[in-house]
Every structure is written in C-alpha cells, then in structure tokens.
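The residues making up each chain are set out below.
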Amino acid sequence: MLKNYIKTAWRNLLKNKFYSIINITGLTVGLAIGILILLWVQDEFSFDTFHKQAPNIYRLELFGGTGTSRQIYSIGVAPIGPMAKQELPEVTDAVRITGNYNYSLYKYQDKVFGDENVIFADPSFFSVFDFPLIKGNTVKPFTDDNSVIITQKTAEKFFGDQDPIGKVIRADNKTDFIVSGVITDFPKNSSMNYDMIMPMSFHIKAMLADNTDINNNFSFFNYETYVLLKPGSSLKKLTTQIRQIHLNHKPDDTDAEYLLLPLSKMHLYNADLTDKGISTVRIFIIIALLILVIACINYVNLSTARSMLRSKEISMRKIIGAGKMQLFMQFIVETALLFLLAAVLALGLIFTLMPAFNQLTGKQMVFNLANYHVWFILLSAVAGTLIASSIYPALLLSSFEPLKALKGKITAGVGDVMFRKVLVVTQFVFSVILIIGTIVITSQLNYIRKKNLGYDKTNVLTFWMRDIGDHYDAVKAELMKQPGVLNVTRSNQNIVRFGGFTGNVNWDGKDIKQNLIVHPIVIDKDLISFFKMKLVQGAPFTGAIIDTAHFILNETAIKEAGIKNPIGKRFKMNNINGTIIGVIKDFHYASMKEKIAPAVFWYSPKNFSTIYIKTTGKDAQKAIRAAETQFKQYNGEYPFVYNFLDNIFNKMYQTEQREGTLFSYFATIAILISCLGLLGLAAYTAQVRTREIGVRKVLGASVNGIITLLAKDFIKLVLIAIIIAMPVAWYMMHKWLQDFAYRTTIGWQVFLFAGTIAILIAFLTISFQAVKAAVANPVKSLRSE
C-alpha cells in the first residue's frame, strides 16, 4: 500500500511540475534559512554552559555611582572576592581576572610575538572553570610568581613540537616567565578567550612596587570577580552580605550594591537580567519561525487552491472503493515526499551557505551531522513544518462528495477561500515587518554615523607608543615634516572608547552621600584642539609642570557633582589634589547605547601611551609608513599595530551592523518565498478563470483591464497585511531602539516606503501570470475550455 502511495505521489509531482517546483523551492529555502538561524540561536544559548559547575558560578558585579554615573560595572575592586570567600560560608571559591597592561612583546629564542591576549588570574581559575590542563599540575598550576600557563595553540606557535613545560618566554626583553602548564584552546562558545595566563601574585607584587596594595584597595576598579557558591544559596542574602563587607572597608560608598550574574547568562544578559543580546536571539527565533511558517503557508495555499482541479480524481478513487483514511494517507504521503525532497535539498543548501553565514554572523559554526544538537534542530524544523503543512490540505482533499464532484458541482467554499486569504495576509504581514525592521536598523546605524560626536575623528591614525615616550618630541617633529601629516598628539588610551573608571574623587562641597564614578583620561596639552573639542569654560593644559595638579571635567561631571562656578575649585582624584581649570563640552566617547558619563581629563607626561596622527585622506599611506619608521626606530622588535579611529568607532556597532545585514537578507528571503506562493496562486487563478478571460477579451477587454482584474484581489490582501504589520513593526522596533540612549525616530516615511515596496513586489509577481493570461489567444482559450 505504501509503495502505491509513493508511486502515485511521485506521478503527481511530475505531472504538475510548475507547482511542484514552486513548493519545493519555497520549502527548501525556508527550511535551509530557518535551520541556519536556529543553529545560530542554539550556539548563542550554549555559551559558557560547558563548565560542570556553571549553575553555581556567578560573576560579581558592582552597581554603583550616583546620577548618570550610576550603572552596573562588570569590573570591580580586587579584595572583594577573597574577603567574601573568607567570611561567607556560601562562597566556596573565588577567581579574580585582570588584563595585562605590563607587557606587549613576548619572545622565545628567535621567535617574537606581540598580539597575545594575556591576563593575570588566581590559581583557582583552573579549579572553578573547566579549562583542562593538558600538561602541568591542576592542584598547583603556577609553580611560582614568574610562571605562565599557555593554550595549546600558543604552545605550538612558540615551541612547535617541543615540550613547552619549563621553557622560558621573555616579556618585553626584561622579565622571564617559565611555562608551567598547557591548557586546551578555549571553546568557541566561551565568553573567555585568552592566549596566556599569568599568576595574580605577580600582578599584586607589581602593583605594590607602584605603591598600590590591591588586596586592601576599594577604590581601584579593574578586576573581574567570579564566585563559586554552594548549591541553593540565597543570592539576595549574599549580595547584601558582600555589600556589607565593602562598606566595612569603605563606609562612604553608601550607594554601592552588588549583583550576582549567573555564568550561563553572562553572554546574553546584564547583571540585572536586562538585555545584553537576548532580545536579538528572541528576534532571530521569531524570524526563523516566520520564514518556516511562510514556507508552510505557500504549500497549504497552493494545495487547497488546487483542490478543485483534483476533485474528479478524488471522487473516482472514492467510487472504486477508496476510504477517507486511505485518501488522507495518500495526501500525507504526497506532502511527506515533497518535504523529503525539500529537506535533502535544504541540507545541501545549508552546507553551501554555512561559510557565508558564518562570515555574516561572525561565528565559526560547523554543520556537523554527527552532532545531536544539529539533528534535533533539523528534525524539529522538518517535522514541525511537515505537520503544519499537511493536515489541513489532506483533510480538505479527502472530504469531497464524489457525485457532486463528477457533475462539476463542487466549488470552493467561502471558508476555504477566506482561509487562503488569511494565509496570504499573514505571509505579507511577516514580510512587511521584516522590511520595516531592516529600514529602522539601517536608519539607526546611519544616525550613529552622521551624528555630531562632539569631536573630529576623521582620518585619524592611532597606535600604542610603547617605548617612544621619552622621544615623543623628536618623533612628532619628524612626523610633522611628512606631507600626509596635519597634526600629532597623545593620550593614555583610546579617545573613541575610554577604559577604566574610579570612584575615588572628592571636591569642595561634596555631599557625603554622593559617589561620583568618573572615567579618567590623561591628555596632552594640544589634544583638545587636535580633535576640535570645545571648551565651554576655562582654558586647556599648557604643558607646564603645574598642569599635573590641574583637571578639566566634562559638562556631565560638573552637573553630576553639582559644582557651581567650577573654575578654580578644588578637585581630588585618587591621590592627586588639584584644581579645576576647564570644562569641556560633552562628547560621545562610548557607544550611543550609553549616556555620556562623567569624565576627568588630567595631565601626566609619564602616563602617555597612545599617539594620534591627523592625516589627509589621499596621503594616509604615506603617514602610516612614516609612523612605522619612527616606531621601529625606538621600538626595535615590537610589531607596529595601527588603526583608524573611524574603524574602531564602527567596530562598536559591529553587532548592530550584522543585525541590519541579516535583517535585510531575511526580509528578502521572506518576500521571495511569499512571492513564490503568490505566483502559484496567480497562476491557479488565471487557470480557473481561463474561460472568463477569453469571453472578456472577445467582448473587448484590454490587456490592462485583464491584468487589473486578476491583480486587484491580491493587492487588497497585501494592503490589509501592511495595515496590520505597521503597529506590530512599530512596537518591535521601538523596543529595539530603547537599547540606544541616543536614537533616531520612526517616521511615517518608513511605513510608506515599506508598504510601497511590498505592493510593488506583489504587483510585479502577479503581473507575470496576469500578462501571460491577458495576451493569450481567446479563441484557443474558449475552444480548450
């Protein structure tokens, strides 16, 4: 019986090639894209879940500051983790991680590298997290303060096939680190990804040499802290107790609160469980389902629409003894066969598209059929769409009354016609929402690019100075001779996105309850004019020794501190007592997702580490070559790594740019699949109205009139879809824009443009079949009918 079902189903597919191609194409593309998106979603949810103790690992985050400086900081003070472990029985272990700012060049014999991602961490890093040691002692990973753990990839790069244990890596030609262990490379779905891990004890000694005891310092924010808790611990109680530990050592931080962010949610959530990427994942889940649903709708629409053409076939089967269940199974098998073909083609399409999809999403996913996650997603998508697409058409096709069908008295019921119209409207609602989403995301990205940032970053080349600090004046003088160089200045960090912050500030008139957290940045005397920033009060630095006791604050810092007539007022930051000499107009030194925060500019020649070169666009390459020459003159073996501020700025919005690109592709695919269905329905409509069209042409109807006749009903459905889609799309994109502190508006032009695109595409699709029907010979049409 099954063999007969399959044979009959195959004959029907071949008999109706046009409709079979439309169905298979729509389902193939829908399944392939839907599965690709779901694989991306599964990868996002898998981040950091591979650690055995993941359910009990939390990152300790600080919610501190007042006014606009009050926010969640993922890095905090160094003592809080060890003290929590010592004083709270629920905390079984703690790990501190901080970046490496000590070294930038690593050497083994004649091999020199300078692009390693290096951190300092506690030994508990290897017992709390699951980054297995291939070589070394798990109990005591660091043999002494000058030991280092490296990844397998780094070991191969430095030592090739040699055993790395005991080998010496020389950092910045002044400090030796002995390899005491090798760990497996960090998984692709890990939020942590480092090349070398040095002991925290070395960092502590280095800071002590610089007169900073980090183990007792509650004002220096520079450490990620992870805690391992006993199962079932009360997070609310713990955060209160950890806050009290902080207040016991720094009572004036009354606004400080602590939050515990689960490791498994770190990739997609902030510590207060607000969005850090989960909304994008949810949107992509919805898009995957929408594309699969649109593909299903195509099949259902075409199957039910063509049911009238198969009524006599079905009736003959019933008369010669076929039961309703047999007919039902026949149509289920037909659908299953079609889906099987589509699924096989979809697999091939996925393998073909995976490299391009990885490039678009910035991932390194592998479509591995040996992975049970892949099979789960694959079978779920195929089974779900198969069930959704097959039941209703099979029930409809198996329910015809044979005598009426043979007499030609069966017509499509009002309910069936309405159902198809609802499905067409649903398809285009989804498509229009995706079009509007694409337009809004593109508009926001354009808004970011065109908004006045408060400084000029155009054609500015930047690189880390390393060892040329003492020779800066000579370097600048040489660079200024180059034809492609307009100006040169320096600071201690990147001006596009500040790093680091401190709450250790004081000023005349400060409220005891006020805790202002500021971003400090060291700048040279000419940096403000270099970037065309605006001083609203006071004067810039002059480069005199007295400037080391001067501060310039941005408008937000002055406002949040509540300082009236700030010029000449006392201001203290960390251990520096000084005077406010200027107020700089606010400018965007971070992502536009964040409000401009308080910033303090100070002058400290020994801390300069970053050079900026203003170039002309056409002579940029000459400026780069000149900069490299000067860099190599004073830096020997150090690699010259440069970037343009425009590129750094754009990278801040890389995720949004990818979202916009993916949205545009998904919207295009959704529209194409919808149009395939519309093409099939238009072809069916023209087929069943062949006699009517022939009569109208004989009576004098024009080609345009016939096209309008066939197109108007479909265009009405698209218009209804646009009306429904507009408020839904506005709500979704309004929510998306809330992630940005500075954002564009959603004007009526967006909806007009999206609606026009949808109508135009639908009309062109319908017109293809309508023109074909309208220009057909009416005599031939009437004779065949």
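Reading the values: rules and limits
- Each residue is numbered by its place in its chain's sequence as written, counting from 1.
- Totals for whole chains, interfaces and linings use every residue, but because this is a predicted model, local features are given only for residues with pLDDT of at least 70 and side-chain atom pairs only at 80 or more, for both listing and counting.
- Heavy atoms from the whole structure form the basis of all side-chain values; hydrogens and water molecules are not counted.
- The pairing criterion for strands is at least two bridges between them, as found by DSSP.
- A run of DSSP states H or I qualifies as a helix once it reaches four residues; a run of E qualifies as a strand once it reaches two. Both are numbered from the N-terminal end.
- Axes here refer to lines fitted to C-alpha atoms; in helices the fit is confined to the stretch in contact. Angles between the N-to-C directions go from 0 to 180 degrees.
- Two residues form a contact once any of their heavy atoms are found within 4.5 Å.
- Each angle gets one of four labels, with under 35 degrees taken as roughly parallel, over 145 as roughly antiparallel, 65 to 115 as roughly perpendicular, and the rest as oblique.
- For a crossing to be left-handed, the near helix must be turned anticlockwise from the far one by less than a right angle; the clockwise case is right-handed.
- Side-chain classes follow a simple rule in which Ala, Val, Leu, Ile, Met, Phe, Trp, Tyr, Cys and Pro form the nonpolar group, Asp, Glu, Lys and Arg form the charged group, and the remainder, Gly included, forms the polar group.
- Whether two aromatic rings pair depends on their centres lying within 6.5 Å, for rings of Phe, Tyr and Trp, where Trp uses its six-membered ring; planes under 30 degrees apart make the pair stacked, over 60 edge-to-face, and the rest tilted.
- Exposure is judged per residue with a 1.4 Å probe applied to protein chains only, and the accessible area is read against the type maximum: over 50% gives exposed, under 20% gives buried, and values in between give partly exposed.
- Two conditions define a charge sitting above a ring: the NZ of Lys or the CZ of Arg must be within 6 Å of the ring centre, and it must be within 35 degrees of the ring normal.
- Lining residues are defined by having an atom within 4 Å of a point belonging to a cavity or pocket. Those points lie on a 1 Å grid over the protein atoms alone, cavities being sets where a 1.4 Å probe fits but cannot get out and pockets being open sets with protein on both sides within 12 Å along at least five of seven lines.
- Grid points are joined across faces, edges and corners, and a volume is the space filled by probe spheres set on the points.
- Residues qualify for a patch when their relative accessible area is over 30% and they have no salt bridge, like charges being joined within 9 Å and the nonpolar side chains of Val, Leu, Ile, Met, Phe, Trp and Tyr within 5 Å.
- The method behind every accessible area is Shrake-Rupley, applied with a 1.4 Å probe, and residues are considered shielded solely by the protein chains displayed.
- Just to be clear on terms, a salt bridge is a Lys or Arg side-chain nitrogen sitting within 4 Å of an Asp or Glu carboxyl oxygen.
- Residue-level confidence of the predictor is what pLDDT reports, using numbers from 0 through 100.
- What the arc measures is the spread of directions leading from the helix axis to the C-beta atoms.
- By nonpolar core is meant a set of buried Ala, Val, Leu, Ile, Met, Phe, Trp, Tyr and Cys residues that side-chain atoms within 4.5 Å join together.
- How far a helix is expected to stretch is found by multiplying one less than its residue total by 1.5 Å.

Details of the sheet that holds strand E26 (residues 642–644)
Within the open sheet, the four strands sit side by side as E16-E25-E15-E26. Their pairing is antiparallel. Only two strands of the sheet have a single partner each, and these edge strands are strand E16 (485–491) and E26. Here the average twist between neighbouring strands, direction ignored, is 25°. Pairing of strand E15 (residues 460–464) with strand E25 (residues 610–615), which is carried by five bridges, proceeds in the antiparallel orientation. Pairing of Phe-463 across the sheet is with Ile-611, part of E25. The strands touched by helix H14 (residues 472–479) are E16 and E25; relative to E16, the strand with the most contacts, the crossing angle is about 160°. In the packing of helix H17 (residues 620–635) onto the sheet, contacts are made with E15, E16, E25 and E26, and the angle to E15 comes to roughly 20°.

With respect to the packing of H14 against H17
How two helices pack is summed up by the angle between their axes together with the distance between the axes. Following both chains from N to C, one finds H14 and H17 inclined at 155°, their axes separated by 10 Å at the closest point. Judged by the angle between their axes, H14 and H17 are roughly antiparallel. As for how H14 packs across H17, the hand of that crossing is right-handed. Counted together, Ala-474, Val-475, Glu-478 and Leu-479 of H14 and Ala-626, Ala-627, Gln-630 and Tyr-634 of H17 form the full contact between these two elements. Per-class residue counts for the contact of H14 with H17 are six nonpolar, one polar and one charged.

Brief notes about the packing of aromatic side chains
For the structure shown, the criterion picks out 36 aromatic pairs. Between Phe-530 and Phe-531, the ring centres sit 4.8 Å apart and the planes meet at 70°, which makes this aromatic pair edge-to-face. Its relative accessible area of 0% is what places Phe-531 among the buried residues. Ring plane angle 55° and centroid distance 5.3 Å describe the contact between Phe-631 and Phe-640, whose orientation is recorded as tilted. Assessed through its relative accessible area of 1%, Phe-631 is described here as buried. An aromatic cluster of at least three residues, connected via ring pairs, comprises Phe-50, Phe-125, Phe-126, Phe-129, Phe-131, Phe-142, Phe-186, Tyr-194 and Tyr-226. When the ring centre of Tyr-269 is taken as origin, the NZ or CZ atom of Lys-265, which lies over that ring, is 5.5 Å away. Seen from the ring of Tyr-472, Arg-490 lies directly overhead, with NZ or CZ sitting 3.9 Å from the centre.

With respect to empty space enclosed by the protein
Inspection of the entire model under this criterion finds four cavities of 30 Å³ or more. Put simply, the second largest cavity is a space of about 60 Å³. Put simply, the parts of the chain that give the lining of the second largest cavity at least two residues each are helix H8 (278–305), helix H13 (414–450) and helix H21 (703–737). In terms of residues, the lining of the second largest cavity owes the most to one element, H8, which gives four residues. For the lining of the second largest cavity, a count of residues per class yields 10 nonpolar, one polar and no charged.

Thoughts on a nonpolar patch on the surface
Together, Phe-351, Leu-369, Trp-375 and Leu-379 give the surface a local cluster of nonpolar side chains, amounting to about 380 Å² of exposed area. Summarising the element assignment, Leu-379 is placed in helix H11 (residues 372–397).

Re the confidence of the model for the protein
Chain-level pLDDT for the protein is 82 on average; 81% of the residues reach the 70-or-more range. For the stretch residues 403–415, pLDDT sits under 50, and the model shows 17 contacts to residues farther than four places along the chain or on other chains.

Regarding the pairing of strand E3 (residues 91–99)
Taken across its nine residues, E3 has seven buried, putting it largely inside the fold. One ladder, built from six bridges, connects E3 with strand E13 (residues 224–229); its direction is antiparallel. The partner of Val-91 across the bridge, within E13, is Leu-229. Inspection of the sheet shows E3 paired to strand E6 (residues 118–121) by three bridges, in the antiparallel sense. If you follow Thr-98 over to E6, its bridge partner there is Phe-120.

Focus: unusual backbone geometry
With phi around 50°, Gln-109 is a residue other than glycine that occupies positive phi space. Within the secondary structure layout, Gln-109 lies in the loop between strand E4 (106–108) and strand E5 (111–113). Even without being glycine, Asp-172 reaches a positive phi, approximately 50°. Overall, Asp-172 belongs to the buried group, its relative accessible area being 12%.

Describing the pattern of salt bridges
Overall, the coordinates contain 19 salt bridges when judged by the stated rule. Glu-224 is the salt-bridge partner of Arg-59, the closest N and O atoms lying 3.3 Å from each other. Of this pair, Arg-59 sits in strand E1 (residues 57–64) while Glu-224 sits in strand E13, and the two are 165 residues apart along the sequence. Residues Arg-59 and Glu-224 agree in their burial class; the two are buried.

Considering H14
For H14, the set of buried residues is Tyr-472, Val-475, Lys-476 and Leu-479. Within H14, the buried residues cover an arc of 95° as seen down the axis, which keeps them to one side. Against the buried residues of H14 lie E16, E25 and H17.

What about the side chain of Thr-744?
As for its placement among the helices and strands, Thr-744 is situated in the loop between H21 and helix H22 (748–774). For Thr-744, a relative accessible area of 15% puts it in the buried group. Dropping the residues within four chain positions of it, Thr-744 is found in contact with Ser-443, Gln-444, Tyr-447 and Leu-737.

What to know about the nonpolar core
Counting 176 residues, the largest nonpolar core has Phe-125, Phe-129, Ile-197, Ile-495, Phe-531 and Phe-601 as its most contacted members. Sorting elements by how many residues they give to this core places H13 first, with 15 residues. Beyond its immediate stretch of four places on either side in the chain, Ile-197 contacts Ile-119, Ala-121, Phe-125, Phe-126, Phe-142, Val-148, Ile-149, Ile-183 and Phe-186. Within the second largest apolar cluster, 25 residues are counted, among which are Tyr-108, Phe-113, Phe-120 and Met-196.

Side note on helix H7 (residues 235–249)
Its 15 residues give H7 an end-to-end C-alpha distance of 22 Å, which sits within 8% of 21 Å, the value for a rise of 1.5 Å per residue. Three or more residues of H7 are buried, namely Leu-238, Thr-239, Ile-242, Ile-245, His-246 and Leu-247. For H7, the secondary structure elements touched by its buried residues are E1, helix H3 (80–87), E3, E13 and strand E14 (257–262).

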